[in-house]
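Geometric and topological summary
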Amino acid sequence: DSFTMRSSLQAVALWGRKAPPHSITAIMITDDQQMIVTGGQEGQLCLWNLSSELKISAKELLFGHSASVTCLARARDFSKQPFIVSAAENGEMCVWNVTNGQCVEKATLPYRHTAICYYHCSFRMIGEGWLLCCGEYQDVLIIDAKSLVIIHTFISSQSPDWINCMCIVHSMRIQEDSLLVVSVAGELKVWDLSSSINSIQVYDYCDFSLLWTEVSGSGQFFAGGEVLAAHRIIIWTEDGHSYIYQLLNSGLSKSIYPADGRVLKETIYPHLLCSTSVQENKSLPFVMGYMNERKEPFYKVLFSGEVSGRITLWHIPDVPVSKFDGSPKEIPITTTWTLQDNFDKHHTMSQSIIDYFSGFRDENGIAVVTSSEYVPSLDKLICGCEDGTIFITQALNAAKAGLLEGGSLLKGSLPQKVLKGHHHSVTSLLYPHGLSSKLDQSWLVSGDQDSWVILWDIFTEEILHKFFLQAGLVMSLLMSPENFKLRSHQVICCVCSDHSVALLHLEERRCLLSARKHLFPVRMIKWHPVENFLIVGCADDSVYIWEIETGKLKFYPFSSFISLCIKAFGWVESSRKDTVMPSLAFTFGWAAFNGFV
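Going by what an unreviewed UniProt entry lists, the protein is known as Anaphase-promoting complex subunit 4-like WD40 domain-containing protein and is assigned to Balaenoptera physalus.

1. Quick word on the overall build of the protein
In terms of helices and strands, the protein carries three helices and 43 strands. Out of the 597 residues belonging to the protein, those deemed buried represent 47%. Accessible surface computed for the protein: about 29,800 Å², of which carbon and sulfur atoms make up 53%.

2. Examining the pairing of strand S34 (residues 462-468)
Looking along a regular strand, one sees side chains alternate from face to face of the sheet. With six bridges joining them, strand S33 (residues 452-457) and S34 adopt antiparallel strand pairing. Opposite Leu455, over in S34, you have His465 as the bridge partner. The hairpin turn running from S33 into S34, its antiparallel successor, is four residues long, and Glu461 in that turn takes a positive phi close to 65°.

3. A look at the pairing of strand S39 (residues 522-527)
Taken across its six residues, S39 has five buried, putting it largely inside the fold. Summarising the sheet, S39 and strand S40 (residues 533-538) pair through five bridges and their orientation is antiparallel. When the bridges of S40 are listed, Ile525 appears paired with Val536. Taken together, S39 and the strand that follows it, S40, pair antiparallel across an intervening segment of five residues.

4. Concerning the environment of Glu60
With respect to the helices and strands, the residue Glu60 is situated in strand S4 (residues 56-63). C-alpha of Glu60 to C-alpha of Asn49: the two residues are 11 residues apart in sequence and 9.4 Å apart in space.

5. Thoughts on the packing of aromatic side chains
This model, assessed by the stated rule, comprises four aromatic pairs. Summarising the aromatic geometry, the rings of Tyr111 and Tyr137 are spaced 5.1 Å apart at their centres and angled 75° between planes, so their arrangement reads as edge-to-face. Highlighted residues: Tyr111 in the loop between strand S8 (102-108) and strand S9 (113-119) and Tyr137 in the loop between strand S10 (130-135) and strand S11 (140-144), separated in sequence by 26 residues. Given the relative accessible area of 7%, Tyr137 is considered buried. Summarising the aromatic geometry, the rings of Trp452 and Phe468 are spaced 4.6 Å apart at their centres and angled 25° between planes, so their arrangement reads as stacked. On the criterion of sequence distance, the pair formed by Trp452 in strand S33 and Phe468 in strand S34 is long-range, its members being 16 residues apart.

6. Digging into the side chain of Asp144
Among the secondary structure elements, Asp144 is positioned in strand S11. Here Ser147 takes part through its backbone nitrogen, which lies 2.8 Å from a polar atom of the side chain of Asp144. Residues contacting Asp144, with those up to four places away along its chain left out, are Gly129, Val149 and Ile151.

7. Re the sheet that holds S4
A sheet is described by the order of its strands in space; here four strands give the open sequence S1-S2-S3-S4, paired in antiparallel fashion. Each end of this open sheet is capped by a strand with a single partner; those strands are strand S1 (24-29) and S4. Across the sheet, the axes of successive neighbouring strands diverge by a mean angle of 20°, strand direction being ignored. Across five bridges, the pairing between strand S2 (residues 35-40) and strand S3 (residues 44-50) is antiparallel.

8. Remarks on the side chain of Ser156
Mapped onto the fold, Ser156 is located in the loop between strand S12 (150-154) and strand S13 (163-171). The class for Ser156 is buried, based on a relative accessible area of 8%. Separated by 3.0 Å, the side chains of Ser156 and Lys189 make a polar contact. Dropping the residues within four chain positions of it, Ser156 is found in contact with Asp139, Lys189 and Trp191.

9. A few points about unusual backbone geometry
One can expect most non-glycine residues to show negative phi and most peptide bonds to be in trans. Although it is not a glycine, Gln33 sits at a positive phi angle of roughly 55°. On the secondary structure map, Gln33 appears in the loop between S1 and S2. In this structure, Leu148 is a non-glycine residue whose phi angle is positive, near 60°. Within the fold, Leu148 resides in the loop between S11 and S12.

10. Digging into the sheet that holds strand S32 (residues 443-448)
Read from one edge of the open sheet, four strands run S31-S32-S33-S34, paired in antiparallel fashion. Unpaired on one side and paired on the other, strand S31 (426-430) and S34 mark the two borders of the sheet. Averaged over all pairs of adjacent strands, the angle between their axes in this sheet comes to 20°, without regard to strand direction.

11. Examining the pattern of salt bridges
Any two side chains of opposite charge can pair, so long as their charged atoms come close to each other. For the coordinates displayed, the defined rule picks out nine salt bridges. One salt bridge in this structure joins Arg74 and Asp31, with 3.4 Å as the shortest N-O distance. Placement of the pair is Arg74 in strand S5 (residues 69-74) and Asp31 in the loop between S1 and S2, with a sequence separation of 43 residues. Classification of Arg74 as partly exposed rests on a relative accessible area of 29%. Exposure remark for Asp31: the relative accessible area of 30% places this residue in the partly exposed category. It is possible to trace a salt-bridge network through shared partners that takes in Glu89, Arg112 and Glu136.

The rules behind each value
Residues numbered from 1 in each chain as written. Predicted model: local features only at pLDDT ≥ 70, side-chain atom pairs only at ≥ 80, totals over all residues. Heavy atoms only, no water. Helix = DSSP H or I, 4+ residues; strand = E, 2+ residues; numbered from the N terminus. Buried < 20%, exposed > 50% of the residue type's maximum accessible area, 1.4 Å probe, protein only. Areas by Shrake-Rupley, 256 points an atom, 1.4 Å probe, with all protein chains shown as cover. Pairing = 2+ DSSP bridges. Phe/Tyr/Trp six-rings, centres within 6.5 Å; stacked < 30°, edge-to-face > 60°. Polar contact = N/O pair within 3.5 Å; in protein donor to acceptor, adjacent residues only side chain to side chain. Contact = heavy atoms within 4.5 Å. Axes fitted to C-alpha atoms, helices over the stretch in contact; angles between N-to-C directions. Salt bridge = Lys/Arg side-chain N within 4 Å of Asp/Glu carboxyl O.

Set out below in structure tokens:
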């Protein structure tokens, strides 16, 4: 699926006064210096317009990943095709056309990338080029930039290890390209990109001599850097600071000639010229980068993104200088911007559906919706609020009024139905009939912060049953797939914040299983279609197997359980199309339980 629109149906989102969350985890500036691209923990990419005066404005959100974005890079010669590539924590990779926002290619690989470099040499290569990738795996993967298929790997003959950072270096003297990487153990490795892909060589990195070491300040960790000009570099840290150093023209040392004619060398440390800093949210992690513009106005730009969603730009002077007394000079912030700034700037935006529900607002006048469910068959939008109230309204009519008529039709109207039964924040909602047509069309299941789960009749607004799980916050409600039935009925699975899992039988109005021995957060739920087994996968890769009828733990937790074994014996996932639970990566091996091997 390339995410291209195959019909004339267009989706419109009405955000209202409050911007959607965008916790920045990756950031880049495109080669034409007209756009900033950010990736977030929520899985979206945001495109921002960048003016020649370094002013920022949000352009659009791209939805394509189901996990946090880990890195961004260009994926073509940008002057010919404005394509970038994004990678996520769960192995997803997407190639995007940033002009129209379309995803042109997508793949999922069993690798978590932390950095990607695009490489293409027109007179040596055919195709669209390579994506040189490193991350939480050994050495470097070479992925085709068009198909996102792995075509080769760079392997170290000695000390293979995870790669911490990398860059492509072009030698003007011999007209050759090389990939320089530093492993997590601090070893420098070099691969020749210009040789044939079938005869990749590894240079002996012992020829690289260490010239100088700079220790980061207390509590700081260096995260990256770039060469500004000859003998001048910029280095930045994880907490949003950067430092510009002037190196000596002769390297990092000067020669001294004593009277006896011997040559002595005195080490000269680089001079700190300038620095930058962010005044707010110093404890939040930052992602940073540097862009040296190659066309007018020829700006040198340092940029950063924060988990808070803020972008900050610094205009780096062409010739950075220190103060008169030699101390480092502070470079001021040029621009800073967030999505919320965009929303606050444009007062003519359409209102969201919930903006007019005055009975469900907090002290700031904003309706605090903590969970929601859309039921297309009934055209109902169901929203759970922080105060425990659930309201149900006609979704499309309200959206149309807010978009096309400025909300005039909504001002005098309240939700069609209000469900009151929870006393704490509603954290999860599930409409079972939307996943299985055999279940009652009137049923709605809701979970709250205090571990209560309520079965409702949404037509009569009646509470049919209350379940008290005696666990943590109900994080998500899942339903067993149609090929798994217990006494001819499907069951509801509740995943709670205390790592427990509960199974509820709606027809019988009882709790079938309360599984509480998980030591880490639950990340995956699977079911056996024949045996009454529930398999629970946790964040530490441990797996628990429960017998549903008896509530017994049939097999104690073990890691390295194989996905092959799960597939071979027919384990199936919970029915929940919008479940945000990344799959566990199980290594291949054998495991025996209950006669299965």
